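# Per-entry structural report
One letter stands for each residue in the lines below.
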Amino acid sequence: AWNIRSSTGSDIRYEGTVNLVSGNAAGLTLRSSPDGTSSYDVILDAVDGVFKLSKRPPYEILDTYTMDVKRNQPYRIKIVARGHALEAYLDGVKRLSASDTAYPAGHMGVILFQATATYDDLVAWQLP
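Residue positions are given per chain, counting from 1 as you read along its sequence in written order. Only residues with pLDDT of at least 70 are given local features in this predicted model, and only at 80 or more are side-chain atom pairs given and counted; all residues enter the totals for whole chains, interfaces and linings. Water and hydrogen atoms play no part in the side-chain values, which are based on all heavy atoms of the structure.

Of the regular secondary structure elements, the protein chain holds zero helices and nine strands. In this text, helices come from DSSP runs of H or I with a minimum length of four residues, and strands from runs of E with a minimum of two, each type numbered from the N-terminal end. Taken from the N to the C terminus, the helices and strands of the protein chain come in the order β-β-β-β-β-β-β-β-β. Both definitions apply: the radius of gyration is a C-alpha atom measure, and the globule rule equals 2.2 Å times residues to the power 0.38. For 128 residues, the compact-globule estimate of 2.2 N^0.38 gives 14 Å, and the C-alpha radius of gyration of the protein chain, at 13 Å, lies within 12% of that figure. Taking the principal axes of the C-alpha coordinates as reference, the protein chain spans close to 35 × 30 × 25 Å. By the convention used here, residues are in contact when the closest approach between their heavy atoms is within 4.5 Å. Contacts in the protein chain between residues far apart in sequence, at least 24 positions, make up 63% of those at least 6 positions apart. All accessibility values rest on the Shrake-Rupley procedure with a 1.4 Å probe; residue burial counts only the protein chains present in the view. Accessible surface for the protein chain amounts to roughly 6,200 Å². Of this, 52% is attributable to carbon and sulfur atoms. We score Asp and Glu as negative and Lys and Arg as positive, and we do not count His or the chain ends. Each charge is placed at NZ for Lys, CZ for Arg, CG for Asp and CD for Glu. Considering the protein chain, the positive charge centre built from 13 side chains and the negative charge centre built from 14 side chains are found 3 Å apart.

Dropping the structure here:
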């Protein structure tokens, strides 16, 4: 499931606090289609034990960082997208990077997979 905002961007910085309360996975989505069916996603996945950058469709993992994703712990996630370069930060540390041209612009939002999560302080900036 996802919740997509009406605002859009191409070269942006998007960040917020994500707390996976229960279940499998939660994160932020970027450069999404209006209905959320295609996007880049940065996900905390408690089942697989990774922080990952992916795109869909088709679902493809672009980069992963192995970690113990704890439930009921807030994590600060930041995504920086500039042209084809995508970078994701976890609690202020760059953990993921990829280069991809599938989605040059789109909407921002949140995503979950078989989970309950809370999101706080979601903000986005257009990069110069």
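From this point, the discussion proceeds with the structure in view.
A few words on the pairing of strand β4 (residues 50–56). Counting buried positions over the seven residues of β4 gives seven, a clear majority of the element. Partly exposed residues are those whose accessible area sits between 20% and 50% of the maximum for their type, while under 20% is buried and over 50% is exposed, using a 1.4 Å probe and protein chains only. The alternating pattern of β4 places Val50, Lys52, Ser54 and Arg56 on one face and Phe51, Leu53 and Lys55 on the opposite face, and all of these are buried. Only strands joined by at least two bridges in the DSSP assignment are considered to pair. Bridging between strand β3 (residues 39–45) and β4 involves seven bridges; their strand directions are antiparallel. Bridge assignment links Ile43 to a residue of β4, and that residue is Lys52. Counted between consecutive antiparallel strands, the loop separating β3 from β4 contains four residues, among which Gly49 sits at a positive phi close to 70°. Pairing geometry for β4 and strand β5 (residues 60–66), over six bridges, is antiparallel. Bridge assignment links Ser54 to a residue of β5, and that residue is Ile61. With antiparallel pairing between neighbouring strands as the criterion, β4 and β5 make up a hairpin whose turn holds three residues.

Both site types are read off a 1 Å grid over the protein atoms alone. A 1.4 Å probe that fits but cannot get out defines a cavity, while an open set with protein on both sides within 12 Å along at least five of seven lines defines a pocket; lining residues have an atom within 4 Å of a point. Grid points are joined across faces, edges and corners, and a volume is the space filled by probe spheres set on the points. What the largest pocket holds in volume is close to 270 Å³. If you trace the largest pocket, you find 16 residues lining it, with Ala25, Ile43, Tyr59, Ile111 and Phe113 closest to the centre. Those elements that provide at least two residues to the lining of the largest pocket are β2 (12–32), β3, β4 and β9 (106–126). Taken together, the residues that form the lining of the largest pocket break down as 10 nonpolar, one polar and five charged. Under this grouping Gly is polar, as are all residues other than the nonpolar Ala, Val, Leu, Ile, Met, Phe, Trp, Tyr, Cys and Pro and the charged Asp, Glu, Lys and Arg.

Cis geometry is adopted by the peptide bond preceding Pro57, which originates at Arg56 and carries an omega value of -15°. Residue position: Pro57 is located in the loop between β4 and β5. Residues Pro57 and Pro58 are joined by a peptide bond in cis, for which omega reads -20°. Residue position: Pro58 is located in the loop between β4 and β5. Despite not being glycine, Asn72 shows a phi value in the positive range, around 60°. Checked against the element boundaries, Asn72 lands in the loop between β5 and β6 (74–82).

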